Amino acid sequence: MRCEVPLPLLGLLLCVVGAAAQGGQEEFAVEISGTTVTITCPSSGDDVKWKPDPKMVVNNKYIIQNHDSSPLTVSCTAGDEEHTMYLNAKVCANCEELDTFTVVGIIAADLLITLGVLILVYYFSKNKKGQSRAAAGSRPRAQKMRRPPPVPNPDYEPIRKGQRDVYAGLEHRGF
(Lines give C-alpha, C1' and ligand atoms only; values in the text may rest on other atoms or scores of the structure.)
Protein backbone atom coordinates (compact mmCIF):
# COMPACT_ATOMS: atom_id res chain seq x y z
CA MET A 1 0.00 0.00 0.00
CA ARG A 2 2.88 2.40 0.64
CA CYS A 3 4.13 2.10 -2.97
CA GLU A 4 0.93 3.42 -4.56
CA VAL A 5 1.82 7.12 -4.42
CA PRO A 6 5.52 6.93 -5.45
CA LEU A 7 4.88 4.71 -8.52
CA PRO A 8 3.04 7.36 -10.59
CA LEU A 9 5.62 9.95 -9.53
CA LEU A 10 8.43 7.59 -10.55
CA GLY A 11 6.76 7.04 -13.95
CA LEU A 12 6.42 10.80 -14.47
CA LEU A 13 10.06 11.31 -13.50
CA LEU A 14 11.19 8.64 -15.98
CA CYS A 15 9.17 10.27 -18.77
CA VAL A 16 10.66 13.70 -18.06
CA VAL A 17 14.22 12.38 -17.84
CA GLY A 18 13.77 10.25 -20.98
CA ALA A 19 12.38 13.19 -22.95
CA ALA A 20 15.22 15.43 -21.77
CA ALA A 21 17.79 12.79 -22.76
CA GLN A 22 16.30 12.46 -26.24
CA GLY A 23 15.80 16.18 -26.72
CA GLY A 24 19.28 16.73 -28.12
CA GLN A 25 19.01 13.94 -30.70
CA GLU A 26 17.80 14.72 -34.17
CA GLU A 27 15.36 12.31 -35.78
CA PHE A 28 15.11 10.67 -39.16
CA ALA A 29 12.11 11.63 -41.29
CA VAL A 30 10.42 8.50 -42.62
CA GLU A 31 7.68 8.54 -45.26
CA ILE A 32 5.82 5.38 -46.30
CA SER A 33 3.71 5.22 -49.45
CA GLY A 34 2.57 1.79 -50.61
CA THR A 35 5.73 -0.34 -50.65
CA THR A 36 8.10 2.63 -51.01
CA VAL A 37 9.94 3.90 -47.92
CA THR A 38 11.74 7.27 -48.08
CA ILE A 39 14.18 8.19 -45.28
CA THR A 40 15.68 11.65 -44.77
CA CYS A 41 18.89 12.00 -42.76
CA PRO A 42 18.79 14.39 -39.77
CA SER A 43 22.14 15.89 -40.86
CA SER A 44 21.88 18.36 -43.68
CA GLY A 45 24.47 18.73 -46.38
CA ASP A 46 25.37 17.64 -49.87
CA ASP A 47 27.81 14.90 -48.92
CA VAL A 48 25.46 12.51 -47.08
CA LYS A 49 26.56 8.89 -47.38
CA TRP A 50 24.08 6.10 -46.73
CA LYS A 51 24.57 2.51 -45.68
CA PRO A 52 23.77 -0.34 -46.53
CA ASP A 53 23.18 0.56 -50.21
CA PRO A 54 24.37 3.98 -51.40
CA LYS A 55 22.83 3.39 -54.88
CA MET A 56 19.32 4.07 -53.58
CA VAL A 57 19.91 7.78 -52.81
CA VAL A 58 18.00 10.56 -54.58
CA ASN A 59 18.46 14.19 -53.41
CA ASN A 60 20.13 13.00 -50.18
CA LYS A 61 17.07 10.86 -49.40
CA TYR A 62 17.39 7.10 -49.04
CA ILE A 63 14.58 5.49 -51.06
CA ILE A 64 13.67 1.81 -50.74
CA GLN A 65 11.42 0.64 -53.57
CA ASN A 66 9.30 -2.52 -53.02
CA HIS A 67 10.27 -2.88 -49.35
CA ASP A 68 9.42 -6.37 -48.08
CA SER A 69 8.70 -5.32 -44.46
CA SER A 70 11.87 -7.00 -43.20
CA PRO A 71 13.82 -5.19 -40.45
CA LEU A 72 16.76 -3.13 -41.67
CA THR A 73 19.48 -1.00 -40.09
CA VAL A 74 20.07 2.24 -42.01
CA SER A 75 22.81 4.75 -41.27
CA CYS A 76 23.76 8.07 -42.79
CA THR A 77 27.01 9.96 -42.43
CA ALA A 78 27.44 13.68 -43.10
CA GLY A 79 30.93 14.93 -42.32
CA ASP A 80 31.90 13.54 -38.95
CA GLU A 81 28.30 12.93 -37.76
CA GLU A 82 26.84 9.44 -38.11
CA HIS A 83 23.20 8.62 -37.42
CA THR A 84 21.84 5.07 -37.25
CA MET A 85 18.25 3.91 -37.33
CA TYR A 86 16.61 0.50 -37.02
CA LEU A 87 13.76 0.39 -39.56
CA ASN A 88 10.94 -2.06 -38.89
CA ALA A 89 8.21 -0.72 -41.19
CA LYS A 90 5.22 -2.80 -42.20
CA VAL A 91 4.17 -1.93 -45.76
CA CYS A 92 1.57 -3.25 -48.17
CA ALA A 93 0.72 -2.55 -51.79
CA ASN A 94 -3.06 -2.09 -51.41
CA CYS A 95 -3.22 -0.18 -48.12
CA GLU A 96 -5.08 3.10 -47.77
CA GLU A 97 -4.26 5.70 -45.14
CA LEU A 98 -7.07 7.03 -43.00
CA ASP A 99 -6.72 10.27 -41.12
CA THR A 100 -8.12 10.71 -37.64
CA PHE A 101 -11.15 12.72 -38.79
CA THR A 102 -12.26 9.93 -41.13
CA VAL A 103 -11.98 7.25 -38.44
CA VAL A 104 -13.90 9.38 -35.91
CA GLY A 105 -16.58 10.07 -38.55
CA ILE A 106 -17.00 6.36 -39.31
CA ILE A 107 -17.35 5.50 -35.61
CA ALA A 108 -19.83 8.35 -34.99
CA ALA A 109 -21.95 7.37 -38.01
CA ASP A 110 -22.01 3.75 -36.84
CA LEU A 111 -23.15 4.79 -33.36
CA LEU A 112 -25.90 7.04 -34.78
CA ILE A 113 -27.20 4.31 -37.09
CA THR A 114 -27.20 1.81 -34.21
CA LEU A 115 -29.06 4.28 -31.99
CA GLY A 116 -31.63 4.89 -34.77
CA VAL A 117 -32.27 1.16 -35.21
CA LEU A 118 -32.60 0.80 -31.43
CA ILE A 119 -35.20 3.57 -31.26
CA LEU A 120 -37.18 2.12 -34.19
CA VAL A 121 -37.26 -1.34 -32.63
CA TYR A 122 -38.35 0.16 -29.30
CA TYR A 123 -41.26 2.10 -30.79
CA PHE A 124 -42.48 -0.72 -33.05
CA SER A 125 -42.35 -3.28 -30.23
CA LYS A 126 -44.12 -0.86 -27.88
CA ASN A 127 -47.11 -0.56 -30.24
CA LYS A 128 -47.46 -4.33 -30.77
CA LYS A 129 -47.51 -5.16 -27.06
CA GLY A 130 -51.31 -4.87 -26.54
CA GLN A 131 -52.38 -6.28 -29.90
CA SER A 132 -53.06 -9.97 -30.26
CA ARG A 133 -54.41 -11.21 -33.55
CA ALA A 134 -55.46 -14.75 -34.21
CA ALA A 135 -54.04 -16.16 -37.39
CA ALA A 136 -56.48 -17.37 -40.05
CA GLY A 137 -55.62 -21.06 -39.74
CA SER A 138 -55.13 -21.29 -36.00
CA ARG A 139 -57.67 -22.60 -33.53
CA PRO A 140 -58.55 -20.72 -30.36
CA ARG A 141 -56.64 -21.62 -27.26
CA ALA A 142 -58.34 -23.45 -24.45
CA GLN A 143 -58.14 -22.10 -20.95
CA LYS A 144 -55.55 -23.62 -18.72
CA MET A 145 -56.74 -27.00 -17.58
CA ARG A 146 -56.45 -27.72 -13.91
CA ARG A 147 -54.56 -30.81 -13.01
CA PRO A 148 -55.80 -33.10 -10.28
CA PRO A 149 -53.75 -33.12 -7.08
CA PRO A 150 -50.93 -35.63 -6.98
CA VAL A 151 -51.64 -39.07 -5.56
CA PRO A 152 -50.45 -39.19 -1.95
CA ASN A 153 -47.61 -41.48 -1.10
CA PRO A 154 -48.96 -44.45 0.93
CA ASP A 155 -45.77 -44.52 3.07
CA TYR A 156 -46.67 -41.20 4.66
CA GLU A 157 -49.98 -40.77 6.36
CA PRO A 158 -51.32 -37.27 6.93
CA ILE A 159 -51.92 -36.09 10.49
CA ARG A 160 -55.58 -36.19 11.37
CA LYS A 161 -57.25 -33.80 13.76
CA GLY A 162 -57.81 -36.32 16.51
CA GLN A 163 -54.30 -37.79 16.41
CA ARG A 164 -52.22 -34.71 17.18
CA ASP A 165 -51.47 -35.96 20.71
CA VAL A 166 -49.39 -38.83 19.26
CA TYR A 167 -46.97 -36.35 17.81
CA ALA A 168 -47.19 -33.80 20.66
CA GLY A 169 -44.46 -35.53 22.67
CA LEU A 170 -41.85 -35.09 19.97
CA GLU A 171 -39.56 -32.19 20.61
CA HIS A 172 -37.66 -30.21 18.03
CA ARG A 173 -33.96 -30.89 18.21
CA GLY A 174 -31.55 -28.33 16.88
CA PHE A 175 -28.61 -29.66 14.94
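So, here is what we can say about the structure in this document. Because the structure is a prediction, the values reported are computed rather than measured. Here the residue numbering is sequential within each chain, running from 1 through the sequence in written order. With the structure being a predicted model, the display of local features is reserved for residues of pLDDT at least 70 and the display and counting of side-chain atom pairs for 80 or more, all residues being used for whole-chain, interface and lining totals. In computing side-chain values, all of the structure's heavy atoms are included and hydrogens and water are not.

So, about the nonpolar core. Throughout this description, the term nonpolar core refers to a set of buried Ala, Val, Leu, Ile, Met, Phe, Trp, Tyr and Cys residues connected via side-chain atoms within 4.5 Å. Any residue under 20% of the maximum accessible area for its type is buried, any over 50% is exposed, and the rest in between are partly exposed; the area is computed with a 1.4 Å probe on protein chains only. Ranked by size, the top nonpolar core spans 15 residues in total, and within it I39, W50 and L87 carry the most contacts. Strands here are runs of E lasting at least two residues and helices are runs of H or I lasting at least four, both read from the DSSP assignment and numbered beginning at the N terminus. When residues of this core are traced back to their parent elements, those giving at least two are strand 2 (36–40), strand 3 (48–51), strand 5 (61–64), strand 6 (72–78) and strand 7 (81–87). If one sorts the elements of this core by residue count, strand 6 sits on top with 3 residues. Residue contacts for W50: discarding those within four places in its chain leaves F28, I39, T40, C41, V57, N60, K61, Y62, V74, S75 and C76. Residue contacts follow a heavy-atom distance rule, with two residues in contact if any of their heavy atoms lie within 4.5 Å.

A few words on the environment of M85. Relative to the helices and strands, M85 is located in strand 7. The class of M85 is buried, set by a relative accessible area of 15%. Between the alpha carbons of M85 and F28 there is a distance of 7.7 Å; along the sequence they are 57 residues apart. Sequence-distant contacts of M85, defined by excluding residues within four places in its chain, comprise F28, V30, I39, L72, T73 and V74.

Let us now look at the state of the cysteines. When two cysteine sulfur atoms lie within 2.5 Å, the pair is treated as a disulfide. Applying the stated criterion across every chain, the model contains 1 disulfide. With a sulfur-sulfur separation of 2.0 Å, C41 is cross-linked through a disulfide to C76. An S-S torsion of about 65° defines the bridge between C41 and C76 as right-handed. On the criterion of sequence distance, the pair formed by C41 in the loop between strand 2 and strand 3 and C76 in strand 6 is long-range, its members being 35 residues apart. Take C41: its relative accessible area is 8%, and that puts it in the buried class.

Note that all results are geometric; they support no functional claim without further evidence.
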